[in-house]
Amino acid sequence: MKYVVQEWVRITCLLFIAQALSAMVLPNATLLEELLEKYMDEDGEWWIAKQRGKRAITDSDMQSILDLHNKLRGQVYPPASNMEYMTWDTELERSAESWAETCLWEHGPASLLPSIGQNLGAHWGRYRPPTFHVQAWYDEVRDFTYPHPHECNPYCPYKCSGPVCTHYTQVVWATSSRIGCAINLCHNMNIWGQIWPKAVYLVCNYSPKGNWWGHAPYKPGRPCSACPPSFGGGCRENLCYRDDSERSYPPREPEEETNEIERQRSKAQDATTQSRTRAHSPSGSTGTDDSEKNEVISTQQMSQIVSCEVRLRDQCKGTTCNRYECPAGCLDSKAKVIGSVHYEMQSSICKAAIHYGILDNEGGWVDVTRQGRKNYFIKSYRNGIQSIGKYQSANSFTVSKVTVQAVTCETTVEQLCPFQKPASHCPRVYCPHNCMQANPHYARVIGTRIYSDISSICRAAVHAGVVRNQGGYVDVMPVDKRKVYVASFQNGIYSESLQNPPGSKAFRVFAVV
């Protein structure tokens, strides 16, 4: 009888532990290993299968995960002044699905981890909603002490009195504004050496990535008092909010700004790019293979090589037709130059640049700005070239020197050359090496091919395949803003998506060959 009572007590304890056990976490969760052994005694029949469609998560589970994240993010203490409203991202959902299907109880794939944050949860036995794990991640707050600004000199201390607090800090990382999760039923899943017959595996991916060493998860202060300008002052339930934040469907890729010359050569370039593009596989081995980085190479140039005789009116019309490479020896050309300072459109581009003093007879690069109609053009003799006068209204252009500027991995177009109309010329930039490893919290990449101007120039160039991680020269072309910026994973960099950004502009990057 004593044995029966003891056995009844043991089973009752197991049931209680099964109900109270929080989400399994990584890393440093060895304190839970004994509980995992007890899980092995549970009756596998408690598992209740959930029917789902083709997606890796139901709409109701998706919404409940998203709602709970935003609720928890809005109630942090001390209050956050820059906590951003979180939205669902289908690209992150797909990457989470790919990893959940591996049924590996570890973070991955290695190639994505430098660019995304990730929380994992698993259980088996009776049914638990996915929010069970989200709440468990947040409940690590009881072991976390917020580092106040006076403690950060310059780096903030990490104060966690429990086994792990990084799941909590990722949930409440202020700039991690996008999430995508997937749920998979894994048979015989290995959890720290224990085999779970039917494990329900939850993977949540976050972007931009949180948990940066030496940084606090958010800025303390009055809610929404330090929101980024792109939110336009919007605030909802203590979170920085944009009116378009509720949209969760995958954005349509914007059409590139282009011109006739580019259209003629686009098919050949697309074929070249596709032949050099390799599909990304999340189950790769080391993360150093090119196939792990989804390699894309772009050799499209912004500057166009012209002869001494080419007139501006002979060239394409469009925003990419603003930078030209002139050959040597144009002083001897018979091409004519009409005007001074402002040149008529029938003038030779290269000889006008020599006349103005931008170039010498050795050739080089010149930027052109179309200036509209002028009533007359004045003749003059400069730098060995006699220009012609014309007293008739015609369209005009001016020339300027192509400057070169070294930048950091964090430099943005917004900082370097703010967008202006009718046109603005950015300096040719020289990117340092290893920008792929730069902190994406400070060197964001927003978009694909066309990027928001708050993006890092150099990391966008690596993402676009214009330069490699070794660095090099890049041409930047500001363009009008886009309503939609599309996220993608290219060359080891995970770019962000953005919809209807208020006020910001856009840019493209080009190779310098």
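Residues numbered from 1 in each chain as written. Predicted model: local features only at pLDDT ≥ 70, side-chain atom pairs only at ≥ 80, totals over all residues. Heavy atoms only, no water.

### Remarks on the overall build of the protein chain
And then number 1: Counting its secondary structure elements, the protein chain contains 10 helices and 26 strands.
And then number 2: Looking at the protein chain as a whole, 51% of its 513 residues are labelled buried.
And then number 3: Of the accessible surface of the protein chain, which amounts to about 24300 Å², a share of 51% is contributed by carbon and sulfur atoms. (Helix = DSSP H or I, 4+ residues; strand = E, 2+ residues; numbered from the N terminus. Buried < 20%, exposed > 50% of the residue type's maximum accessible area, 1.4 Å probe, protein only. Areas by Shrake-Rupley, 256 points an atom, 1.4 Å probe, with all protein chains shown as cover.)

### Considering the sheet that holds strand S10 (residues 323-326)
Strand pairing in a sheet is mediated by backbone hydrogen bonds. Such pairs are either parallel or antiparallel.
And then number 1: The strand order across the open sheet formed by 6 strands is S9-S10-S13-S16-S12-S11, and the pairing between neighbours is mixed. Because the sheet does not close on itself, it has two edges, and the strands there are strand S9 (304-305) and strand S11 (339-340).
And then number 2: Inspection of the sheet shows strand S13 (residues 364-374) paired to strand S16 (residues 394-401) by 8 bridges, in the antiparallel sense. Within S16, the position partnered with Val366 by the bridge is Lys401.
And then number 3: Sheet contacts for helix H8 (residues 349-356): S10, S11, strand S12 (342-344), S13 and S16; angle to S16, the most-contacted strand, approximately 60 degrees. (Pairing = 2+ DSSP bridges. Contact = heavy atoms within 4.5 Å. Axes fitted to C-alpha atoms, helices over the stretch in contact; angles between N-to-C directions.)

### Some thoughts on the sheet that holds strand S19 (residues 447-448)
And then number 1: Across the sheet, 6 strands lie side by side as S17-S18-S21-S26-S20-S19; this open sheet has mixed pairing. For this open sheet the edge positions go to strand S17 (404-406) and S19, each flanked by a neighbour on one side alone.
And then number 2: Bridge count between S19 and strand S20 (residues 450-452): 2 bridges; the pairing is antiparallel. Paired with Thr448 across the two strands is Ile450, which belongs to S20.
And then number 3: Set on the sheet, helix H10 (residues 457-464) makes contact with strand S18 (428-431), S19, S20, strand S21 (472-479) and strand S26 (506-511); between it and S26 the angle comes to about 60 degrees.

### Here's the deal with the pairing of S18
Moving residue by residue along a regular strand, the side chains alternate between the two faces of the sheet.
And then number 1: Sheet topology places S17 next to S18; 3 bridges connect them, and they run parallel. Looking at S18, one finds that Val404 is bridged to Arg428.
And then number 2: The sheet contact formed by S18 and S21 spans 3 bridges and is antiparallel. Residue Tyr430 lies in a different strand from S21, and its bridge partner there is Tyr473.

### Some points on the state of the cysteines
And then number 1: Within the structure shown, the criterion is met by 11 disulfides.
And then number 2: Each sulfur of the disulfide joining Cys152 and Cys156 lies 2.0 Å from the other. Taking the sign of the S-S torsion, about 110 degrees here, the bridge from Cys152 to Cys156 comes out right-handed. Residues Cys152 and Cys156 agree in their burial class; the two are buried.
And then number 3: At a sulfur-sulfur separation of 2.0 Å, the disulfide partner of Cys227 is Cys240. Judged by the sign of its S-S torsion, about -85 degrees, the bond between Cys227 and Cys240 is left-handed. (Disulfide = S-S within 2.5 Å.)

### A short note on the environment of Thr175
And then number 1: Structurally, the position occupied by Thr175 is in the loop between helix H6 (166-171) and strand S5 (178-191).
And then number 2: Residue classification places Thr175 among the buried residues on the basis of a relative accessible area of 18%.
And then number 3: As a C-alpha pair, Thr175 and Ser207 span 32 residues in sequence and 8.1 Å in three-dimensional space.

### What about helix H4 (residues 90-100)?
And then number 1: Looking at H4, one finds that the buried residues are Thr90, Leu92, Glu93, Ser95, Ala96, Trp99 and Ala100.
And then number 2: Lining the buried residues of H4 we find strand S1 (87-88), strand S2 (117-123), S5, strand S6 (194-207) and strand S24 (493-494).
And then number 3: Two or three places before Glu91, at the start of H4, stands the capping residue Asp89, its side-chain oxygen 2.8 Å from that residue's backbone nitrogen. (Polar contact = N/O pair within 3.5 Å; in protein donor to acceptor, adjacent residues only side chain to side chain.)

### Let's talk about the packing of helix H3 (residues 59-73) against helix H5 (residues 131-138)
And then number 1: Direction vectors running N to C along H3 and H5 enclose 20 degrees, while the axes themselves pass 9 Å from each other. With respect to H5, the element H3 is oriented roughly parallel. For the pair H3 and H5, the sense of crossing is right-handed. Contacts between H3 and H5 involve Ser64, Ile65, Leu68, His69 and Leu72 on the former and, on the latter, Thr131, Val134, Gln135 and Tyr138.
And then number 2: Of the residues contributing to the contact of H3 with H5, the split by class is 5 nonpolar, 4 polar and no charged. (Parallel < 35°, antiparallel > 145°, perpendicular 65-115°, else oblique. Left-handed = near helix turned anticlockwise from the far one by under 90°. Nonpolar A, V, L, I, M, F, W, Y, C, P; charged D, E, K, R; others polar.)

### Points about the pairing of S5
And then number 1: Burial analysis of S5 places 10 of its 14 residues in the buried class, which makes it a mostly covered element.
And then number 2: Both S1 and S5 contribute to a ladder of 2 bridges, which runs parallel. Counterpart to Trp88 in the pairing with S5 is Ile179.
And then number 3: With 13 bridges joining them, S5 and S6 adopt antiparallel strand pairing. In the sheet register, Gly180 faces S6, and the bridge partner there is Asn205.

### Brief notes about the environment of Val512
And then number 1: The topology assignment puts Val512 in the segment after S26.
And then number 2: Distance from Val512 to Ser303, taken between C-alpha atoms, is 7.9 Å for residues 209 residues apart in sequence.
And then number 3: The residues touching Val512, leaving out its near neighbours within four places in the chain, are Arg428, Tyr473, Val474 and Asp475.

### Some thoughts on the side chain of Asn184
And then number 1: With respect to the element layout, Asn184 can be found in strand S5.
And then number 2: Side-chain polar atoms of Asn184 contact the backbone oxygen of Ala100, separated by 3.1 Å.

### Focus on unusual backbone geometry
And then number 1: Note that the residue after Gly108, namely Pro109, is joined by a cis bond; omega there is -5 degrees.
And then number 2: If you trace the backbone, Pro109 turns up in the loop between H4 and S2.
And then number 3: Looking along the chain, the bond that leaves Asn153 and enters Pro154 is cis, with omega of -10 degrees.
And then number 4: Tracing the chain through its elements places Pro154 in the loop between strand S3 (144-145) and strand S4 (159-160).
And then number 5: Located in the positive-phi region is Trp192, a residue other than glycine, with phi close to 50 degrees.

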